[in-house]
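Close look at the chain arrangement
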Amino acid sequence: MAHFQRSIACFNAVPGLRSLRWLPVLAALAVMAAPVTAEAAPRGARAIRAYDGTWNVIFATTRGNCSSGYSVPFTVIGSRVSSAGGGRVSGSVSRAGVVAVRVSVGASRASGGGRLVGNYGAGSWRGIITGDYCSGTWQATRS
């Protein structure tokens, strides 16, 4: 401890260095306060990031004259949903996994909602596809 006291005394001896004597203490506090890994991030940040990745979504038509079985990739980053392939995709996913999406490709437009849980998701959609009103369900898996 005498050695530590002596080093602080050296800072006090030079007037310009007096304020620097707290630098080691502040550095130690900063290191202890900073998250070391992504696991140490705040709970809300982990919850939003829990859905990040590319999701393969398969659409099934239950009403209307639209083709069924289309597979479309979506990307989730944070709370935003976007296209991982063709078309315009916009949407959001909440911390609880509730998802709302709008898709447009040419004159076709659709919107949907549902829920993501872990690496899976499901929900419903509706829209006008090549001039026909259609609706159905969707299922998603994260790749």
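Residues numbered from 1 in each chain as written. Predicted model: local features only at pLDDT ≥ 70, side-chain atom pairs only at ≥ 80, totals over all residues. Heavy atoms only, no water.

1. A few points about the pairing of strand 3 (residues 80-83)
Applicable threshold: Should DSSP find at least two bridges between two strands, the strands are regarded as paired. Elements are defined by DSSP. Helices are runs of H or I of four residues or more, strands are runs of E of two residues or more, and each kind is numbered from the N terminus.
As defined by bridge partners, strand 2 (residues 70-77) adjoins strand 3 across four bridges and the pair is classed as antiparallel. Within strand 3, the position partnered with Phe 74 by the bridge is Ser 83. Hairpin connection, strand 2 to strand 3: the antiparallel pair is bridged by two residues, and Gly 78 has positive phi, about 65°. In terms of strand pairing, strand 3 meets strand 4 (residues 88-93) through three bridges, oriented antiparallel. Directly across from Ser 82, in strand 4, lies its bridge partner Ser 90. Two successive antiparallel strands, strand 3 and strand 4, enclose a turn made up of four residues, where Gly 87 displays a positive phi of approximately 85°.

2. Description of the packing of aromatic side chains
Heads up, the rule is: Any Phe, Tyr or Trp ring, taking Trp's six-membered ring, that has another such ring centre within 6.5 Å forms a pair; planes under 30 degrees apart are called stacked, those over 60 apart edge-to-face, and the others tilted. A 1.4 Å probe rolled over the protein chains alone gives each residue an accessible area, and that area as a share of the maximum for its type sets the label: buried under 20%, exposed over 50%, partly exposed in between.
Counted by the stated rule, this structure contains two aromatic pairs. For the pair Phe 59 and Phe 74, a centre-to-centre distance of 6.4 Å together with 80° between the ring planes defines the contact as edge-to-face. With a gap of 15 residues between them, Phe 59 in strand 1 (residues 53-63) and Phe 74 in strand 2 connect regions that are remote in the sequence. An identical accessibility class is assigned to Phe 59 and Phe 74; each is buried. Judged by centre distance (6.2 Å) and plane angle (90°), the rings of Phe 59 and Trp 125 are edge-to-face. One end of the pair, Phe 59, is in strand 1; the other, Trp 125, is in strand 7 (residues 120-129), with 66 residues separating them in the sequence. Each of the two residues, Phe 59 as well as Trp 125, counts as buried. Members of the aromatic cluster, joined through ring pairs, are Phe 59, Phe 74 and Trp 125.

3. Quick notes on the state of the cysteines
Stated precisely, the cut-off is as follows: Two cysteine sulfurs form what is called a disulfide whenever their separation falls within 2.5 Å.
Following the criterion strictly, the structure yields one disulfide and no others. With its sulfur 1.7 Å from that of its partner, Cys 66 forms a disulfide with Cys 134. An S-S torsion of about 85° defines the bridge between Cys 66 and Cys 134 as right-handed. Highlighted residues: Cys 66 in the loop between strand 1 and strand 2 and Cys 134 in strand 8 (residues 132-142), separated in sequence by 68 residues.

4. Section: the nonpolar core
Here is the rule we go by: We define the nonpolar core as a collection of buried residues of types Ala, Val, Leu, Ile, Met, Phe, Trp, Tyr and Cys that are connected through side-chain atoms lying within 4.5 Å of one another.
One finds Phe 74, Val 81 and Trp 138 to be the most contacted residues of the largest nonpolar core, which totals 18 residues. Going through the elements one at a time, strand 1, strand 2, strand 4, strand 5 (98-105), strand 6 (108-117) and strand 8 are the ones with two or more residues in this core.

5. A look at the confidence of the model for the protein
Inclusion rule: Per residue, pLDDT captures the predictor's confidence, and it can take any value from 0 to 100. The contact rule is simple, with two residues in contact once any of their heavy atoms fall within 4.5 Å.
Mean pLDDT over the protein works out to 76, with 66% of the residues at or above the 70 mark. Between residues 1-12, whose pLDDT stays under 50, and residues either more than four places distant or in other chains, the model counts seven contacts.

6. Brief notes about the sheet that holds strand 8
Note the cut-off: To get an axis, a line is fitted to the C-alpha atoms, and for a helix only the part in contact is used. The angle between two axes follows their N-to-C directions and goes from 0 to 180 degrees.
One closed barrel accounts for eight strands, arranged 1-2-3-4-5-6-7-8; its pairing is antiparallel. Here the strands of the sheet are splayed against their neighbours by 25° on average, with no regard to which way each runs. Inspection of the sheet shows strand 5 paired to strand 6 by eight bridges, in the antiparallel sense. Bridged to Arg 102 within strand 6 is Ser 111.

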